Amino acid sequence: MNRRDLLKAALAALAGSGFGRRSVRLKADTTSGTVASGFSRTNTPVASGFSRTNTPVASGFSRTTAPTPQQQSAPRPADAEYIVVGSGAGGGTVAARLAEAGYTVLLLEAGGDSRTLSGGNPIHPADNTLPDDYDVPAFHPLATENDAMKWDYYVRHYADAARQTRDPKYLKQHDGVWYPRAGTLGGCTAHNAMILVYPHNTDWDELADLTGDPSWRADHMRTYFERLENCEHRRFERLRSRLGWNPSRHGWSGWLTVEKALPEEAIRDRDLRALLFESARETLKEIGRPTGARLESQADPNDWRVVRDGEIGIRYTPLTTKNHQRVGTRERLLDVRDRHPDRLKIEMNARATRVIFEGARAAGVEYRKGERLYRAHAQPSAGDGEVRQVRASREVILAGGAFNTPQLLMLSGIGPQDVLTRHGIAVRVPLAGVGKNLQDRYEVAVVNRMNFDAWDVLRDATFSRDDPRYREWANGRKGVYTTNGAVLSVIARSMIDRPVPDLYCYALLADFRGYKPGYSKVLPDHKN
Ligand SMILES: Cc1cc2nc3c(=O)[nH]c(=O)nc-3n(C[C@H](O)[C@H](O)[C@H](O)COP(=O)(O)OP(=O)(O)OC[C@H]3O[C@@H](n4cnc5c(N)ncnc54)[C@H](O)[C@@H]3O)c2cc1C
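Nothing here was measured: the structure is a model prediction, and the numbers come from that model.

*Asks:* Account for the packing of aromatic side chains, naming residues and giving values.
*Replies:* Under the criterion given, the structure shown has 19 aromatic pairs. Here F139 and F463 contribute two aromatic rings whose centre-to-centre distance is 6.1 Å and whose plane-to-plane angle is 45 degrees, an arrangement assigned as tilted. You can see F139 sitting in the loop between α4 (132-135) and α5 (140-144) and its partner F463 sitting in the loop between β21 (429-430) and α17 (468-476), a full 324 residues away along the chain. Given a relative accessible area of 1%, F139 falls into the buried group. With relative accessibility at 7%, the residue F463 sits in the buried group. With a centroid separation of 6.5 Å and an interplanar angle of 50 degrees, the aromatic rings of Y153 and Y374 are classed as tilted. Here Y153 is found in strand β7 (residues 150-155), whereas its partner Y374 is found in the loop between β18 (361-369) and β19 (386-398), with 221 residues between them in sequence. According to the relative accessible area criterion, Y153 is buried, its value standing at 11%. An aromatic cluster is present here, built from F139, F463, Y470, W473 and Y481 joined pairwise through their rings.

Structure below.
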């Protein structure tokens, strides 16, 4: 993996939703191998960046158990042109795009389908609270703690124990801070907060400078956003774009639907209305009169004009929902599989354990078939699953997320020599950077308690399927459950001389002090 791949992997972990260029890729030979059927090949135009060969087609979409030594000498036909590991924002997007571009793709996902799994949350541990925890925007904290989907990681931010233990979220029994992840179809798009906020142009331009690759330039990268997005929150801009003028540079027909869940309720709630008004007034006092770009953007953080100018100010929170129900790469993949069943195969409950090499070429993946096989799962299986192998005629693409892609590389012999040797893994490519330098934004919460017992909008909210708020959401996609809890946000600079805004502050109607096991349990208890 070169520096550019590392950067792209880092980008995949940082950005919240799918740009098609975001996974760590291991190059496979593009000139040999065969493709198994179950897949029929078409003459669909080729996506840029990928080249195609006239690989012959073999029969039978088959997966085998681990081969005997005799079998190992004769490579069997490929199962697909591309094998993608992981169905999150990165892997789900790339697998779907490749299939649409005419390639055969086998996607391996360790988890099951979040909408058909059965699992409880901290409020109702004994019940099955899926698919609501997945679907309902306001239930996203419950989704992060649903025990059918969650993989628990504990991370340390400091080597120095004294410093680390000062973190109020540090858990001695786990020697770390809890870091939620979703091991399910859609990856962390199945439990994240659904916020879609476009990055600064300077971020892209810095990547272009670092890599020497001009395709990272901000202006070009915006075209991917336009392809990706189906913006449903700027009606007038949508109309204007039909006339050939699109100054907001939103996308209007992409696969990812983006909505604004302005809680009309919030406007009806007198206390909330007063608070919103006061906050807006105070913010305006601080940041001065709105510029033309700010006025034109109408508080939309993704409007090209405010993005281009690095504007600060008040924003609303665009969410990746469709008809106010969560959408992510799960929906994207299922849609593409339905349209192209001959090209996209999704193998769930398939935990990749290593990349198979033929010489220097990444030729396939070994995986274990079975449910809840990963030990980080909230309820890990006692078994180890069945060992299987699959082969790709073109490429193996690893998109297992910020933790598991480096892990998989290391299990495949690519990583820091000392670490691999310590764990008895034969070193194939010594690469010191693999598994290092994870960077994350840390939640810093300032919690205020109001001088009344509950916001009106939350008064009878129990965050379960039997309250009036749920019925409002279920029957008419209305009310506070259409939101993710963020009623207002402000983009600001932490210091006046910062070249670009570096703070994104959300006002949430919740007692949120950062991610900590059990944090979602307090939702129905603390409503002020
Ligand atoms: C609690 C939380 C809230 C967030 N909120 C937001 C937000 O509001 N907006 C935003 O933009 N971003 C948000 N994010 C970040 C965003 O969800 C992630 O950046 C994004 O999902 C990362 O995509 P990925 O494809 O790299 O990894 P993931 O989404 O983690 O997907 C990795 C997938 O690979 C699978 N996998 C891993 N290892 C293996 C293996 N060995 N074999 C087979 N499959 C494997 C996993 O099961 C998973 O499905 C949030 C993240 C979290 C955790």
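Structure's up, so let's keep going.
*Asks:* How would you sum up the environment of L344? Please name residues and give values.
*Replies:* Counting through the fold element by element, L344 comes out in strand β16 (residues 344-347). For L344 and L106, which are 238 residues apart along the polypeptide, the C-alpha to C-alpha distance reads 6.1 Å.

*Asks:* Describe the pattern of salt bridges, naming the residues involved and giving the relevant values.
*Replies:* Evaluation of the coordinates by the stated rule reveals 38 salt bridges. Put simply, D132 and R465 hold a salt bridge, and the shortest N to O gap is 2.8 Å. One end of the pair, D132, is in helix α4; the other, R465, is in the loop between β21 and α17, and 333 residues separate them in sequence. For R305, the salt bridge goes to E237, with nearest N and O atoms at 3.2 Å. Taken as a pair, R305 in helix α13 (residues 304-308) and E237 in helix α9 (residues 235-242) lie far apart in primary sequence, 68 residues in all. Just as R305 is buried, E237 falls in that class too.

So, how was this worked out
Residues numbered from 1 in each chain as written. Predicted model: local features only at pLDDT ≥ 70, side-chain atom pairs only at ≥ 80, totals over all residues. Heavy atoms only, no water. Phe/Tyr/Trp six-rings, centres within 6.5 Å; stacked < 30°, edge-to-face > 60°. Helix = DSSP H or I, 4+ residues; strand = E, 2+ residues; numbered from the N terminus. Buried < 20%, exposed > 50% of the residue type's maximum accessible area, 1.4 Å probe, protein only. Salt bridge = Lys/Arg side-chain N within 4 Å of Asp/Glu carboxyl O.

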